[in-house]
Amino acid sequence: MKLFEYLGKELFKQYGIPVPQGGVAGSPEEAARKAADLAEAVVKSQILSGKRGKAGGIKFVSGVDEAKKAAAQLLGTELRGFKVERVLVEEKLPIEKEYYLAITVDGSAKKPVILASSEGGMDIEEVLEDKIVRQEVNVSIGVQPYLGREIAERLGLTGDYAKQFTKIITRIYTMFKELDAELVEINPLIIARDKLIAADSKVTIDDDALFRHKDLPKVEERTEAEQKAHALGLSYVELDGDIAIMANGAGITMATLDIIQHYGGKPANFLDAGGGASIEAMAAALEILLSTNPKVILINIFGGITRCDDVANAFITVKQQREIPVPVVIRLVGTNEAEGVALLKEHGIVTFRSMEEAARKAVNLAKQ
Amino acid sequence: MAIYIDEHTRVLVQGMTGNQGSFHARQMLDYGTNIVAGVSPGKGGQTVVGKPIYNTVAAAMRDHDIDASVLFIPAPFAKDAAFEAIDAGIKLVVCITEHIPVHDAMEIMAFAREKGTTVVGPNTFGLVSSGKCKIGIPPNQFFVPGNIGVVSRSGTLSYEIVANLTAAGMGTSSVVGLGGDRVVGLSFIDVLTEFEKDPETSAIVMIGEIGGSAEEDAAEFIKDNISKPVVAYLAGKSAPPGKRMGHAGAIIEKGKGTFEGKVEALQSAGVKVADLPFQVPQLLKELM
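Tell me about the overall build of chain B, residues and numbers included.
A count of helices and strands for chain B gives nine helices and 14 strands. Viewed in the frame of its principal axes, chain B has a C-alpha envelope of about 55 × 40 × 30 Å. Split into buried and exposed, the 288 residues of chain B put 61% on the buried side. In chain B, the share of contacts with a sequence separation of at least 24, taken over all contacts with a separation of at least 6, comes to 74%. With an accessible surface of roughly 9,900 Å², chain B has 49% of that area assigned to carbon and sulfur atoms. Measuring between centres, the 24 positive side-chain charges of chain B sit 2 Å from its 31 negative side-chain charges.

Right, dumping it as structure tokens:
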């Protein structure tokens with residue numbers, strides 16, 4: 001779950017990481033109030049995407065009238081595919097220098113990794129490799145102050161700045177760990193008026209750990225159908241083709257999409273039904289697939305933890321409950337395959353053994 | 001031979017009294033796996049599929065010699081169960097559970113490293129040494145002995161490809177599921193190293209997917225360290241960037257971990273990359 005900049009900064013504040021003075025606003029009037037104490041201010045669109053400045057989503061203002069006007073211009077507009085529902089109004093700071101600081105998960109090292117650079121402000125992907133300080137973290141000891149001092153030195157931060165940096169990095173790590181974050185990024189971390197300040201925030205929380213962070217605000221970037229699927233333990237991504245796909249397992253679902261495309265078809269979605277096959281999940285899955293008005297539905301099941309007879313039973317039950325107005329191609333092999341195929345046969349439903357044949361059939365049906 | 005597990009491996013099942021645990025314990029026994037006991041806190045003294053249940057791993061270890069443990073434990077409790085198995089001194093821990101928080105996975109890996117334990121998964125189907133031992137959830141009938149080693153990031157896709165191999169008359173030596181999460185215990189490189197040493201393995205199939213750098217790292221390693229023929233299949237050719245395709249690891253972020261990049265890296269290491277899963281047996285035949 002990605003957090004908006006203002007939410008990330010509220011968390012920074014809680015963890016003792018300095019942020020610019022200001023606050024979030026949902027209306028031009030509120031933006032004016034937030035700007036009241038600020039001489040020069042910046043009004044920033046709150047969307048779950050970077051590069052807002054280039055897209056015109058950030059405005060510099062002086063005085064409440066300009067702040068109100070800027071907020072009125074930004075609120076409700078669409079920016080990089082996201083609707084702007086809030087703006088963050090903050091003091092404009094005299095930036096002396098910009099740094100980059102992030103903690104994320106390194107899958108290869110199986111550890112958290114700190115990334116830091118004295119070339120802040122731009123996308124870290126565009127910073128030269130030798131300008132990036134990379135430091136893996138041993139989770140048994142976490143980020144102790146010495147590590148902060150070492151990184152500060154490598155970034156060329158000395159004296160009081162090194163002390164401030166060390167505090168920030170240890171607190172960022174505490175936040176990263178306590179909140180089960182996948183990413184905590186400050187870009188830029190600025191020097192202004194002798195202080196290191198987090199001028200931006202990018203925080204992503206591990207979806208799999210949300211069960212133990214019920215107090216965190218909910219930020220939703222998925223479509224309604226995607227949310228519905230997720231609530232039922234299905235993994236669903238909307239695409240723009242006309243062949244609806246349901247399979248069990250992320251890898252085989254991806255491969256099914258690839259094969260459909262290989263034979264000239266267009267997948268309407270990615271739907272991984274995961275392990276197991278309850279009637280409720282099957283009904284919901286079919287409901288979601290049908291809501292995109294596909295020309296054909298392809299169900300590709302290779303039973304491992306999923307049992308083919310459960311899939312067959314669920315499909316038969318759903319078919320008896322509701323009309324399915326498009327052809328359904330079912331491929332069924334694996335655990336309890338014979339039972340599943342026999343059940344479907346009793347109900348006049350033909351199944352395929354081969355994924356290739358099933359995919360070809362689905363593509364042909366979509367072209368009719 | 002075979003890698004990691006064989007007919008002598010003595011297996012503990014953590015969470016064996018649960019629905020999945022008991023079903024797959026039965027399937028494993030049917031395959032020939034030497035399950036010696038199960039653990040379910042509070043269920044000690046019961047018997048499941050003819051095997052004794054203990055409250056703790058330590059208690060099971062007092063009565064049995066155990067080489068490997070497999071976890072059928074819900075995600076919120078999986079870290080505890082993995083720690084328990086590692087701390088008890090079990091050398092191979094197979095974590096089937098999906099949706100384990102990534103911070104928990106990192107802690108598990110750190111503890112395993114300290115104790116010299118091999119962790120397979122999380123979010124894996126497990127591993128099979130065909131005809132000898134299966135630890136995990138793959139459907140039994142497709143895993144027949146042969147000389148092809150398979151290593152994969154994805155479960156059902158592995159069954160698909162192994163079934164294609166079987167249908168083409170090619171059996172498998174061992175099949176190892178790395179797991180679909182961002183942080184998992186084994187890498188392609190770890191398993192490729194084992195297959196290279198294994199006299200029963202003549203050729204290797206790698207099943208990868210978009211996201212991360214595991215395939216690129218493997219390609220770099222294969223160049224200098226693997227003499228056996230390698231065929232790869234990669235899922236996610238049609239996946240749009242920025243969309244997480246089910247697996248936590250399967251996402252193209254900031255232009256990294258793309259299908260094209262992986263194919264290029266593997267091909268430059270001499271690996272044959274199949275366009276479709278069912279082309280894998282043919283490509284293997286051409287190389288062997």
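Let's pick the thread back up.
Please provide a residue-by-residue account of the overall build of chain A, values included.
The helix and strand inventory of chain A stands at eleven helices and 19 strands. Principal-axis analysis of the C-alpha atoms gives chain A an extent of 80 × 50 × 35 Å. In chain A, the proportion of contacts linking residues at least 24 apart, taken out of those at least 6 apart, comes to 68%. Summing over all exposed atoms, chain A offers an accessible surface of approximately 16,100 Å²; the carbon and sulfur share of this is 48%. Chain A carries 46 positive and 54 negative side-chain charges, and their two centres are separated by 1 Å.

Got a sec to walk through the side chain of Asp258(A)? Specific residues and values, please.
With respect to the helices and strands, the residue Asp258(A) is situated in helix H7 (residues 250-262). One polar contact links the side chain of Asp258(A) to the main-chain amide nitrogen of Lys237(B), over a distance of 3.0 Å. Non-local contacts of Asp258(A), meaning those with residues more than four positions away in its chain, are made with Tyr233(B), Leu234(B), Ala235(B), Gly236(B), Lys237(B) and Ser238(B).

Which residues make up the interface of chain A and chain B, and what are the values?
When the parts of a complex come together, some accessible area is lost, and that lost area is often used as the size of the interface. In this complex, chain A contributes 54 residues to the contact, which on the side of chain B involves 53 residues. Carbon and sulfur atoms supply 58% of the area that chain A and chain B bury against each other, a total of about 4,400 Å² over both sides. Inspection of the chain A/chain B interface yields six salt bridges. Of the charged contacts in the structure, one is a salt bridge between Lys177(A) and Glu107(B), with a shortest N-O distance of 3.1 Å. On inspection of chain A and its partner chain B, the count reaches 18 residue pairs in polar contact (both at pLDDT 80 or more). The leading source of residues in the side of chain A that touches chain B is H7(A), at ten residues. Broken down by class, the residue content of the side of chain A that touches chain B amounts to 22 nonpolar, 14 polar and 18 charged.

Residue-level account of the pattern of salt bridges, with values.
Scanning the entire structure with this criterion turns up 34 salt bridges over all chains. When salt bridges that share partners are traced, they join Glu5(A), Lys9(A), Lys44(A), Arg52(A), Glu90(A) and Asp200(A) into one network.

So what's going on with H7(A)? Residues and values would help.
Residue and element names in this part refer to chain A. With 13 residues, H7 extends 18 Å between its outermost C-alpha atoms, agreeing within 8% with the 18 Å of an ideal straight helix rising 1.5 Å per residue. For H7, the tally of buried residues reaches eleven of 13 residues, placing the bulk of the element in the interior. For H7, every residue scored as buried is listed here: Ala 250, Gly 251, Ile 252, Thr 253, Met 254, Ala 255, Thr 256, Leu 257, Asp 258, Ile 259 and Ile 260. Note on H7: the residue one or two positions beyond its end, Gly 264, has a positive phi of about 90°.

Quick one: what's the story with the packing of aromatic side chains, residue by residue and with numbers?
Applying the stated rule across the entire model yields six aromatic pairs over all chains. Considering the side-chain rings of Phe125(B) and Tyr159(B), the 5.7 Å spacing of their centres and the 80° angle between planes classify their relative orientation as edge-to-face. Of this pair, Phe125(B) sits in the loop between strand S7 (118-120) and strand S8 (126-129) while Tyr159(B) sits in helix H5 (residues 155-167), and the two are 34 residues apart along the sequence. Residues Phe125(B) and Tyr159(B) agree in their burial class; the two are buried. Aromatic rings pair up to connect Phe302(A), Phe125(B), Phe142(B) and Tyr159(B) into one cluster. A cation sits over an aromatic face here: Lys97(A) above Tyr99(A), 5.1 Å from the ring centre. Its end group placed over the ring of Phe23(B), Arg307(A) keeps NZ or CZ at 3.6 Å from the ring centre.

Could you give an account of the sheet that holds strand S2 (residues 22-25) of chain A, with specific residues and numbers?
Residues and elements named next belong to chain A. The strand order across the open sheet formed by four strands is S2-S7-S3-S4, and the pairing between neighbours is antiparallel. Lying at the two open borders of the sheet, with one neighbouring strand each, are S2 and strand S4 (58-62). Averaged over all pairs of adjacent strands, the angle between strand axes in this sheet comes to 20°, irrespective of strand direction. As judged from the four bridges shared by S2 and strand S7 (residues 87-91), these two strands associate in the antiparallel manner. Bridge assignment links Gly 22 to a residue of S7, and that residue is Glu 90. Across the sheet, helix H3 (residues 64-74) lies against strand S3 (40-45), S4 and S7, angled at about 160° from S4, the strand it touches most.

An account of the side chain of Thr204(A) is needed here, citing residue identities and associated values.
Considering the arrangement of structural elements, one finds Thr204(A) in strand S13 (residues 202-205). With residues near it in sequence (within four places) discarded, Thr204(A) still touches Met1(A), Lys2(A), Ala181(A), Glu182(A) and Leu183(A).

Break down the pairing of strand S8 (residues 97-106) of chain A for me, citing the residues and quoting the values.
In terms of residue burial, S8(A) counts as a mostly covered element, since eight of its ten residues are buried. The turn joining S8(A) and strand S9 (residues 111-117) of chain A, which pair antiparallel and follow one another in sequence, is formed by four residues; a positive phi near 60° is taken by Lys110(A).

Break down the domain arrangement of chain A for me, with residues and values.
Its domain assignment divides chain A into domain 1 (21-91), domain 2 (97-212) and domain 3 (224-367). When each unit is reduced to the centre of its C-alpha atoms, the spacing between domain 1 of chain A and domain 3 of chain A is 45 Å.

Any chance you could break down the packing of H7(A) against helix H11 (residues 355-367) of chain A for me, citing the residues and the numbers?
Residue and element names in this part refer to chain A. The N-to-C vectors of H7 and H11 enclose an angle of 50°; their axes lie 9 Å apart at closest approach. It follows from the interaxial angle that H7 and H11 lie oblique. The element H7 and its partner H11 pack so that their crossing is right-handed. Across the interface between the two elements, Ile 252, Ala 255, Thr 256, Ile 259 and Ile 260 of H7 pack against Met 355, Ala 359, Ala 362 and Val 363 of H11. Grouping the constituent residues of the contact of H7 with H11 by class yields eight nonpolar, one polar and no charged.

Residue-level account of helix H6 (residues 188-197) of chain B, with values.
Residues and elements named next belong to chain B. Within the sequence span of H6, burial applies to Phe 188, Val 191, Leu 192 and Phe 195. Down the axis of H6, the buried side of the element spans an arc of 105°, and every buried residue falls inside it. For H6, the secondary structure elements touched by its buried residues are strand S10 (145-152), strand S11 (172-177), strand S12 (203-209) and helix H7 (214-225).

Before we move on, can you summarise unusual backbone geometry with the specific residues and values?
The peptide bond linking Asn187(A) to Pro188(A) adopts the cis configuration, its omega dihedral lying at 10°. Assignment of secondary structure puts Pro188(A) in strand S11 (residues 181-192). Of the consecutive residues Gly121(B) and Pro122(B), the connecting peptide bond is found in the cis state with omega at 5°. Relative to the assigned elements, Pro122(B) resides in the loop between S7 and S8. You will see that Asp180(A), though not glycine, has its phi angle at about 55°, which is positive. The backbone of Asn123(B) sits at a positive phi, close to 60°, despite the residue not being glycine.

Calculation rules
- Residues numbered from 1 in each chain as written.
- Chains lettered and ligands numbered in written order.
- Predicted model: local features only at pLDDT ≥ 70, side-chain atom pairs only at ≥ 80, totals over all residues.
- Heavy atoms only, no water.
- Helix = DSSP H or I, 4+ residues; strand = E, 2+ residues; numbered from the N terminus.
- Buried < 20%, exposed > 50% of the residue type's maximum accessible area, 1.4 Å probe, protein only.
- Contact = heavy atoms within 4.5 Å.
- Areas by Shrake-Rupley, 256 points an atom, 1.4 Å probe, with all protein chains shown as cover.
- Lys, Arg positive; Asp, Glu negative; His and termini not counted.
- Charge placed at Lys NZ, Arg CZ, Asp CG, Glu CD.
- Polar contact = N/O pair within 3.5 Å; in protein donor to acceptor, adjacent residues only side chain to side chain.
- Buried area = accessible area lost by both parts, 1.4 Å probe.
- Salt bridge = Lys/Arg side-chain N within 4 Å of Asp/Glu carboxyl O.
- Nonpolar A, V, L, I, M, F, W, Y, C, P; charged D, E, K, R; others polar.
- Expected span 1.5 Å × (residues − 1).
- Phe/Tyr/Trp six-rings, centres within 6.5 Å; stacked < 30°, edge-to-face > 60°.
- Lys NZ or Arg CZ within 6 Å of the ring centre and 35° of its normal.
- Pairing = 2+ DSSP bridges.
- Axes fitted to C-alpha atoms, helices over the stretch in contact; angles between N-to-C directions.
- Domains from an automatic or database assignment.
- Parallel < 35°, antiparallel > 145°, perpendicular 65-115°, else oblique.
- Left-handed = near helix turned anticlockwise from the far one by under 90°.
- Arc of directions from axis to C-beta.

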